[in-house]
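Observations on the three-dimensional arrangement
Here's the letter readout for the chains.
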Amino acid sequence: MPGRPAPLDQSTIRVLVITGDPATASRLADTVRLGGYLAERAHDSRDGLARALTRLHDVVVIDRELAPESGLHLLRRLRRAQLATPVVMLMPPGSSADQVACLRLGAAACHDKRAAPEELRARVRALCRRSPFRAGVMQLGAAQVDLTRRVVTCVDGRHVQLTRQETALLSVLGAARSQVVSRARLNALVFPDRHAKSIVDTYVYYLRRKLGRDVVQTVRSVGYRLGSVPFRDPEPLREPA
């Protein structure tokens, strides 16, 4: 039926759980896994910040009662770092004022720690429905990126094959939507084993050569963001000097 969302492939959904309480971490990880999702655990705010900014997740769950920094402080840092991943904040009972603060800081939802596990799984599923990722496919306007086969289907029906690094770079920019992603963060996410600062610029050039010069926009002295979608016929690019 036209317009119906593609079914979620739950086995590909990645959830990062950030809490310093071992019992809570174990319970939440089990809740996530019983939903068929992939669970990753971070044991404090520093570990959570590093994992959230250097790995790709579909949803991040943060415990409000976190140390050494509070969950609110971590959420603020993630948003300042332009992380676009939906965040669910775990709230202690009777914290309605904190819930307002969390939502103002950019949390997608607040979840009562006492609630049934099924409620958290339902929240994760609902957030993934609104995500650009769906069943291994990233929807970018009228274009689609098959993240498994590494193929872009353009609005004109063309199929463009990408390399693993090109796909990863495009997916990070797509997840950030219109937000700018710094070169340093792109390097950490896409090229963790490559130390040359120019590697990101090189692969941006490769994407432009295959998908058109407007697919990625340069924000001078800051980084890159996703450009125009749907993708147009690529224009000839001169080889970099």
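Reading guide: rules and limits
Residues numbered from 1 in each chain as written. Predicted model: local features only at pLDDT ≥ 70, side-chain atom pairs only at ≥ 80, totals over all residues. Heavy atoms only, no water. Buried < 20%, exposed > 50% of the residue type's maximum accessible area, 1.4 Å probe, protein only. Helix = DSSP H or I, 4+ residues; strand = E, 2+ residues; numbered from the N terminus. Pairing = 2+ DSSP bridges. Salt bridge = Lys/Arg side-chain N within 4 Å of Asp/Glu carboxyl O.

On to the pairing of strand S3 (residues 59-63), then. Two faces make up the sheet, and in a regular strand the side chains alternate between them. In terms of burial, S3 is largely enclosed, as five of its five residues are buried. Side chains of S3 alternate between two faces, with Val59, Val61 and Asp63 and Val60 and Ile62 buried alike. Bridge analysis of strand S1 (residues 14-18) against S3 gives four bridges, and the strand direction is parallel. Paired with Val17 across the two strands is Val61, which belongs to S3. Bridge analysis of S3 against strand S4 (residues 87-91) gives four bridges, and the strand direction is parallel. In the sheet register, Val60 faces S4, and the bridge partner there is Val87.

A few words on the pattern of salt bridges. Scanning all chains against the criterion turns up 14 salt bridges. Across the pair Arg121 and Glu118 runs a salt bridge, and its minimum N-O distance is 3.6 Å. Taken together, the residues span about one helical turn, with Arg121 and Glu118 both in helix H5 (residues 117-129) at a distance of three residues. Take Arg121: its relative accessible area is 17%, and that puts it in the buried class. Among the charged side chains, a salt-bridge network with shared partners connects Glu40, Asp47 and Arg51.

Interpretation in functional terms is not warranted from these geometric data alone.
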